[in-house]
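Coordinate analysis (summary)
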Amino acid sequence: MPARGVFVTGTDTGVGKSVVAAVIAAEAAAAGLDVAVFKPAVSGLEQEGEPDHELLARASGTSQSADEIAPYRYGPPLSPHLAAAISGEAIDPGLLAAAAADAADAADAIVCEGVGGLMVPLTPDYLVRNLATELGHPLVVAARPGLGTINHTLLTIEAAWAAELEVAAVVLTPWPPEPGALERSNRETIAALAGIEVRTLPKLDLAAPDTWPALDLL
Ligand SMILES: Nc1ncnc2c1ncn2[C@@H]1O[C@H](COP(=O)(O)OP(=O)(O)O)[C@@H](O)[C@H]1O
Ligand SMILES: [Mg+2]
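Let us look at the structure shown here.

Conventions used here
- Residues numbered from 1 in each chain as written.
- Chains lettered and ligands numbered in written order.
- Predicted model: local features only at pLDDT ≥ 70, side-chain atom pairs only at ≥ 80, totals over all residues.
- Heavy atoms only, no water.
- Pairing = 2+ DSSP bridges.
- Helix = DSSP H or I, 4+ residues; strand = E, 2+ residues; numbered from the N terminus.
- Axes fitted to C-alpha atoms, helices over the stretch in contact; angles between N-to-C directions.
- Contact = heavy atoms within 4.5 Å.
- Near = heavy atom within 4 Å.
- Polar contact = N/O pair within 3.5 Å; in protein donor to acceptor, adjacent residues only side chain to side chain.
- Areas by Shrake-Rupley, 256 points an atom, 1.4 Å probe, with all protein chains shown as cover.
- 1 Å grid on protein atoms, 1.4 Å probe; cavity = no way out; pocket = protein on both sides within 12 Å on 5 of 7 lines; lining within 4 Å.
- Sits in = over half its atoms within 2 Å of the grid points.
- Core = buried A, V, L, I, M, F, W, Y, C linked by side-chain atoms within 4.5 Å.
- Buried < 20%, exposed > 50% of the residue type's maximum accessible area, 1.4 Å probe, protein only.
- Points joined across faces, edges and corners; volume = space filled by probe spheres on them.
- Nonpolar A, V, L, I, M, F, W, Y, C, P; charged D, E, K, R; others polar.
- Lys, Arg positive; Asp, Glu negative; His and termini not counted.
- Salt bridge = Lys/Arg side-chain N within 4 Å of Asp/Glu carboxyl O.
- Donors = N, O, S within 2.8 Å, 3.2 Å for Na, K, Ca; no water.
- Parallel < 35°, antiparallel > 145°, perpendicular 65-115°, else oblique.
- Left-handed = near helix turned anticlockwise from the far one by under 90°.

1. What to know about the sheet that holds strand E10 (residues 198-202)
In spatial order, the strands read E2-E5-E1-E8-E9-E10; together these 6 strands make up an open sheet with parallel pairing. Here the strands that pair on one side only, and so sit at the sheet edges, are strand E2 (35-38) and E10. Adjacent strand axes in the sheet meet at a mean angle of 25° when their direction is disregarded. Judged from the 4 bridges that link them, strand E9 (residues 167-175) and E10 form a sheet pairing that is parallel. Paired with Leu172 across the strands is Thr200, a residue of E10. Sheet contacts for helix H2 (residues 52-60): E2 and strand E5 (109-113); angle to E2, the most-contacted strand, approximately 170°.

Below you can see the structure in the form of C-alpha cells.
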C-alpha cells in the first residue's frame, strides 16, 4: 500500500462524498501524483447524472478501468447488499479489499469513496466500516451544512471511533456563499464537540476541475 490514502465517507447518501473525493483526487493529480480512485460499489446507474466512478476517474486522470475503480456496479438506486442480491451475484469482501490494495500499489496515492454512510451493508454481515478498517486510510466525512448535521456528523464520528478508525476531517458541502448563524454554529459546534477540523467546500462547477479549491487532506 502507498503511504498516502484517504477514505471519504459521509453522513448519508447524497451529501457530497463524490464531490469531496473528486476534489481531493484532482488536487493530488494536479500536484503531480499518480492517483488511483476506488469505490467498492456503485448503484443507481439507471438514474441520470455522471456515475461516481466516472467523476472519480475524470477528476484523478487515472488510467484504471471501470472494473478496477468500482468492481460492483448496479442499475437500481439501492443499498449494495440489496442490489447485489437482486443481481444474483454476492459482493465478495475479499475481492474488494484486494482490488483496493492493487489499485493503491500501482499508484502514488489512493482516494476511496464509501457507499452511503459507514453503517451501510456491502453484504448482510460486512459494512462499509469493515472495508474502511481493512483499507486503513484516514477518514474524511462529507456532511451537509444545514439543520440536522451536528447529530449526523457526530454519529458518524462515533461510529468511526468505535471501530478505531481515524477521522482526519469533516467537510461541510456545499457551503453557502453567505453562511448564516446556523451554518457557522454547526461548523463550530462539530469542531468543538468532536475535536476534529471542519472544512468547507463552496458550490463548485463540477465540469471545471481547474476551478476547484484545494483541501489538503491527502
Ligand atoms: N461543493 C459542491 N459543489 C457542487 N455540487 C455539490 C457540492 N456538494 C454537493 N454537491 C451536489 O450534491 C449532490 C450530492 O453530491 P454527491 O457528491 O453525489 O453525494 P454522495 O457521493 O454523498 O452521494 C450532487 O448533485 C452534487 O453535485
Ligand atoms: Mg457518491
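2. Re the site of ligand 1
Within the structure, ligand 1 sits among 15 residues, and Gly14, Lys17, Thr173, Pro202 and Leu204 are positioned closest to it. Residue Val19 places a main-chain N or O atom 3.0 Å away from an oxygen atom belonging to ligand 1. Calculation on ligand 1 without its partners gives an accessible area of 550 Å², and the protein chains cover 76% of this total. Placement of ligand 1 is best described as lying within the second largest pocket.

3. Looking at the nonpolar core
Considering soluble globular proteins, one finds that nonpolar side chains tend to be buried as a cluster. If you look at the biggest cluster of nonpolar residues, it comprises 41 residues, and the most contacted ones within it are Phe7, Phe38, Ile91, Leu122, Leu131, Leu139 and Val170. At 5 residues, the largest contribution of residues to this core is made by helix H5 (residues 93-105). Residues within four places of Leu139 in sequence aside, it is in contact with Phe7, Thr9, Leu118, Ala132, Ala160, Leu165, Glu166, Val167, Ala168 and Ala169. In terms of nonpolar packing, the next biggest core, distinct from the first, is built from 27 residues, Val15, Leu56, Trp212 and Leu215 among them.

4. Remarks on the layout of surface pockets
Empty pockets left among the atoms are what a rolling probe the size of a water molecule brings to light. When its volume is computed, the largest pocket comes out at roughly 660 Å³. As for the largest pocket, its lining consists of 30 residues, of which Thr13, Gly14, Lys39, Ser43 and Asp52 are closest to the centre. Of all the elements in the fold, those that place two or more residues in the lining of the largest pocket are helix H1 (17-30), strand E3 (41-42) and H2. For the lining of the largest pocket, the element with the highest residue contribution is H1, accounting for 3 residues. Here the lining of the largest pocket is composed, by residue class, of 13 nonpolar, 11 polar and 6 charged. There is about 150 Å³ of room inside the second largest pocket. As for the second largest pocket, its lining consists of Val15, Gly16, Val19, Thr173, Pro174, Pro202, Lys203, Leu204 and Leu206.

5. Focus: the side chain of Lys17
Residue position: Lys17 is located in helix H1. Put simply, Lys17 is tucked away with no salt bridge, and the nearest opposite charge, on Glu113, sits 4.5 Å away.

6. Notes on the coordination of the magnesium ion (ligand 2)
Around the magnesium ion (ligand 2), the donor atoms from the protein are Ser18 (OG), Asp52 (OD) and Glu113 (OE), and they sit 2.1 to 2.2 Å away. Given the relative accessible area of 1%, Glu113 is considered buried.

7. Some words on the packing of H1 against H2
Where H1 contacts H2, the two axes come as close as 7 Å, and the packing angle between them is 20°. In terms of their interaxial angle, H1 and H2 are classed as roughly parallel. Relative to H2, H1 is oriented so that their crossing is right-handed. Along the contact surface, H1 presents Ser18, Val19, Ala21, Ala22, Ala25, Ala26 and Ala29, while H2 presents Asp52, Leu55, Leu56, Ala59 and Ser60. In terms of residue class, the contact of H1 with H2 is made up of 9 nonpolar, 2 polar and 1 charged.

Read these as spatial facts, not as claims about activity.
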